[in-house]
Amino acid sequence: MSGNTGALSIGQVSEATGLSVHALRFFEREGLFLRPIPRSAGGQRVYDPADVQWLVLCNRLRDSGMSIATLRRFAELVRSGPGNEHERLALLEEHERTVRARIAELDASLAVIHDKVVTYRGHLREGTAAGLWSPTPSR
């Protein structure tokens, strides 16, 4: 893209963020960008490096389970400018609590799985694995 240094095409942004072109268009339709994405004279979207930074954050928030509605609310708060930082912080703290709870649940699940791995390794090493949780006919 010529002219505007730092201007990025949708393909370049897709490559930089790992988001598909379809996902980028979805983010735009859902109002998740911090600004309207301008178009070139030829109608192509023209992104800025700051858009990429924002998308990387959004992608992390989505990957960590933040809903589109909450992400949209966060984007609205950021877009509206200074004065709502406490509300932004509250939103992020709530999401952080949710993610920490998910991590704790995953850690508990991992502990159970690891115990089963250790059990199976021991039985395989000792030749006693036959019959571990074999289905039995119900009578």
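Residues numbered from 1 in each chain as written. Predicted model: local features only at pLDDT ≥ 70, side-chain atom pairs only at ≥ 80, totals over all residues. Heavy atoms only, no water.

Peer 1: Describe in detail the packing of aromatic side chains, supporting the description with residues and values.
Peer 2: Here a ring pair, both rings aromatic, is described through the centre-centre distance and the interplanar angle of the planes. Taken as a whole and assessed by the stated rule, the structure comprises 3 aromatic pairs. Summarising the aromatic geometry, the rings of phenylalanine 26 and phenylalanine 27 are spaced 6.5 Å apart at their centres and angled 70° between planes, so their arrangement reads as edge-to-face. In this structure phenylalanine 27 comes out as buried when scored by relative accessible area, which is 5%. Consider the rings of tryptophan 54 and phenylalanine 74, whose centres lie 5.8 Å apart with planes at 20°: the pair is stacked. You can see tryptophan 54 sitting in helix 3 (residues 49-63) and its partner phenylalanine 74 sitting in helix 4 (residues 68-79), a full 20 residues away along the chain. (Phe/Tyr/Trp six-rings, centres within 6.5 Å; stacked < 30°, edge-to-face > 60°. Buried < 20%, exposed > 50% of the residue type's maximum accessible area, 1.4 Å probe, protein only. Helix = DSSP H or I, 4+ residues; strand = E, 2+ residues; numbered from the N terminus.)

Peer 1: Break down the packing of helix 3 against helix 4 for me, with residues and values.
Peer 2: Two elements in contact, helix 3 and helix 4, have axes separated by 10 Å at closest approach and are oriented at 145°. Helix-helix and strand crossings are classified by hand; for helix 3 and helix 4 the assignment is right-handed. Judged by residue contacts, Trp54, Leu57, Cys58, Leu61 and Arg62 of helix 3 engage Ile68, Leu71, Phe74, Ala75 and Val78 from helix 4. (Axes fitted to C-alpha atoms, helices over the stretch in contact; angles between N-to-C directions. Left-handed = near helix turned anticlockwise from the far one by under 90°. Contact = heavy atoms within 4.5 Å.)

Peer 1: Any details on a nonpolar patch on the surface? Residues and values, ideally.
Peer 2: The grouping of Leu110, Ile113 and Val117 at the surface amounts to a nonpolar patch, some 260 Å² of accessible area in total. By the element assignment, leucine 110 lies in helix 5 (residues 85-126). (Patch = residues over 30% accessible without salt bridge, like charges linked within 9 Å, V, L, I, M, F, W, Y side chains within 5 Å. Areas by Shrake-Rupley, 256 points an atom, 1.4 Å probe, with all protein chains shown as cover. Salt bridge = Lys/Arg side-chain N within 4 Å of Asp/Glu carboxyl O.)

Peer 1: Describe the pattern of salt bridges, naming the residues involved and giving the relevant values.
Peer 2: All chains considered together, the criterion is met by 7 salt bridges. The partner of arginine 35 in a salt bridge is aspartate 51, with the nearest N and O atoms 2.5 Å apart. One end of the pair, arginine 35, is in the loop between helix 2 (21-29) and helix 3; the other, aspartate 51, is in helix 3, and 16 residues separate them in sequence. As a salt-bridge pair, arginine 97 and glutamate 94 come within 2.8 Å of each other at their nearest N and O atoms. Placement of the pair is arginine 97 and glutamate 94 together in helix 5, with a separation of 3 residues, close to one helical turn.

Peer 1: Before we move on, could you go through the nonpolar core and cite the residues and values that matter?
Peer 2: Most often, soluble globular proteins have nonpolar side chains that are buried together. Residues Val13, Leu24, Phe27, Phe33, Tyr47, Leu55 and Leu71 are the most contacted members of the largest nonpolar core, which totals 22 residues. Every element with two or more residues in this core is listed here: helix 1 (10-17), helix 2, helix 3 and helix 4. Among residues more than four places away in sequence, those in contact with valine 13 are Leu8, Leu24, Tyr47, Val52 and Leu55. (Core = buried A, V, L, I, M, F, W, Y, C linked by side-chain atoms within 4.5 Å.)

Peer 1: Tell me about the side chain of asparagine 59, and name the residues and values.
Peer 2: Its location among the elements puts asparagine 59 in helix 3. Given a relative accessible area of 18%, asparagine 59 falls into the buried group. When residues no more than four places from it in sequence are discounted, the contact partners of asparagine 59 are Thr17 and Leu19.

Peer 1: Residue-level account of the confidence of the model for the protein, with values.
Peer 2: On average, residues of the protein score 93 in pLDDT, and 94% of them are at 70 or above. Mean pLDDT across the elements of the protein bottoms out in helix 2 (95) and peaks in helix 4 (97). (pLDDT = per-residue confidence, 0-100.)

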